[in-house]
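Survey of secondary and tertiary structure
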Amino acid sequence: MSSKLYENGSSQAVALADLIAAQVQVIVTAYSASGQTIPSLDSTTAGPFDEPANTPANISMAIQLIEAACAQLCATVASPGHSITKKTYNYVEPACMLVVVNAKIADLLLGKPEGEHVEVLAKQAELDTGKLGRVLRLLATNHCFIEVKPNVFANNRLSLKLVSSDPTSAMVGLLTDEGLKSSAYVNETLFDPKSGPSMLPEDAAFKRAHGSPIFELHKRPEEKYRADRFAEAMIGWATVTDGNDLSKVYPWDELPPGTTICDVGGNTGHATLPLIKAHPKLQIVLQDLPAVIEQAKEFWRRENPKAIDNQNIHFVPVDFFKDSLTHGCDYYYIRHVLHNWAEVECIMLLTNVRKAMTSSSTLLIHDMVLQPLVRNTTSVFDQAPEPLLPNYGVGRVLLYQQDINMMGFVNSKERTLEEFIDLGSQAGFDFVKIWDAGEANSLLEFRAL
Ligand SMILES: C[S@@+](CC[C@H](N)C(=O)[O-])C[C@H]1O[C@@H](n2cnc3c(N)ncnc32)[C@H](O)[C@@H]1O
């Protein structure tokens, strides 16, 4: 619905353009204050604020406002048919990204600022020259890679994220391969009378696309690369969405030495690793399935062997539905796990956590929390200024994209605050507080009832 403050599209468009100009100035000023300028898109050297974890809050906010306002301005001024057609064609970009990730084009262009002819790239990647050129041109038109001379391509700021040593490229691989294919079957899955209303992972679109549910597929020896890519993709996702910022989100400094945090379904423990680096007096108990715990040991040996030597990290394999979790930890931390499961399993898992807790333990759920699209004067969420949508629209669209992605992968979902509070209360928890944890995350604090 149109804002009452802005009566028509013209006043909205002008307000959006003003907002964009003002927020660009915020970013320029923040860079100047650190003696820098915004890196040009063609640059291949890291900028000071490339990692969300290092980005000042005012820059993150300005970026969200600019993204929201640019998208809303384009949708306001362009013809509806044009906007809808562009949205419809969005699928071709991830299809092209998967080709360049699998062909390791960004790796082939490393150290070549002058670029490389597409013929050379195609030969190295064993692809057809003409088709690879068209793929790269589509991506370069969307600011990933640059065409420095006709048919000569080079890396830029965005394509460097596709280099295979950057865990972001594993995330891109996972989403543009398993994610894109699953999404293509969401329509058939929703209209099918059996799978449409089902919340079972085996009824998800993923199975129609790949023949079996995701974790069954990943267990097959010949598909090991998918399991490895998934673990790496979790790290990539955490890096790009500020998930590693846990150390700054909660007042860990105020806790006594030896405070124990059980990272439930923590995968390799990549979310709690920076926490221990920042607060070495804390103790982590990492719990995940046995095979994952073995991967986690390797990860910590590589990334923080001191934490193993100092016994800051304990590796405890578990099936969190069947086994008891480590008893009596001060905190139970569950990050990006509940979004994999339907209500029944979430309540089963949370009830298991509740049983392991003492009366002084705290539950922290670190997850995406969907924000309402309707403006509300009593909202606990920070709402974007008018004429933007209160949930920051495209500035925070990642939350809603991830919600549909979870539907496609495992028939699960991202949740609203009310849904999390309801899950908690069904498992014996009282909601205490929501902590802002970055662009796409919130930290929800609960205590046992
Ligand atoms: C989406 S990942 C989240 C990992 C990590 N917390 C993060 O934030 O990146 C879900 C995790 O739950 C683990 N998991 C799934 N089923 C499990 C079970 N039955 N018992 C223990 N862990 C399980 C998976 O191995 C995986 O590491």
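Being a predicted model, the structure only gives us computed values, none of them experimental. (Residues numbered from 1 in each chain as written. Predicted model: local features only at pLDDT ≥ 70, side-chain atom pairs only at ≥ 80, totals over all residues. Heavy atoms only, no water.)

1. Section: the nonpolar core
Burial of nonpolar side chains together is a common tendency in soluble globular proteins. Membership of the largest hydrophobic core comes to 29 residues, with the highest contact counts inside it found for Y332, L350, V353 and L363. The dominant element in this core, judged by the number of residues it contributes, is helix α17 (residues 343-356), at 6 residues. For V353, the contacting residues outside a window of four places in its chain are L325, Y332, I334, L363 and F429. The next biggest cluster of nonpolar side chains, apart from the first, holds 27 residues, and it includes L246, I276, F299 and A307. (Core = buried A, V, L, I, M, F, W, Y, C linked by side-chain atoms within 4.5 Å. Buried < 20%, exposed > 50% of the residue type's maximum accessible area, 1.4 Å probe, protein only. Helix = DSSP H or I, 4+ residues; strand = E, 2+ residues; numbered from the N terminus. Contact = heavy atoms within 4.5 Å.)

2. With respect to the pattern of salt bridges
Close approach of charged atoms lets side chains of opposite charge pair. Scanning the model with the defined rule gives 21 salt bridges in all. Residue D50 pairs with R157 through a salt bridge whose shortest N-O separation is 2.9 Å. Placement of D50 in the loop between α1 (9-33) and α2 (57-77) and of R157 in the loop between β3 (152-154) and α8 (167-183) is noted, with a sequence separation of 107 residues between them. By relative accessible area, D50 is classed as partly exposed at 32%. The salt bridge involving D382 is made with R396; its shortest N-O contact spans 3.5 Å. With a gap of 14 residues between them, D382 in the loop between β9 (369-370) and α18 (397-410) and R396 in the loop between β9 and α18 connect regions that are remote in the sequence. (Salt bridge = Lys/Arg side-chain N within 4 Å of Asp/Glu carboxyl O.)

3. Remarks on the sheet that holds strand β4 (residues 260-264)
Read across the sheet, 7 strands follow the order β6-β5-β4-β7-β8-β12-β11 without closing on themselves; strand pairing throughout is mixed. The strands lining the two open edges of the sheet, one partner per strand, are β6 (313-317) and β11 (429-436). Averaged over all pairs of adjacent strands, the angle between their axes in this sheet comes to 20°, without regard to strand direction. Note: strand β8 (residues 362-367) against strand β12 (residues 442-448), 6 bridges, orientation antiparallel. Counted as the bridge partner of T362 is R447 from β12. Packing against the sheet, α17 makes contact with β4, β7 (331-335), β8, β11 and β12, and its axis sits at approximately 160° to β7. (Pairing = 2+ DSSP bridges. Axes fitted to C-alpha atoms, helices over the stretch in contact; angles between N-to-C directions.)

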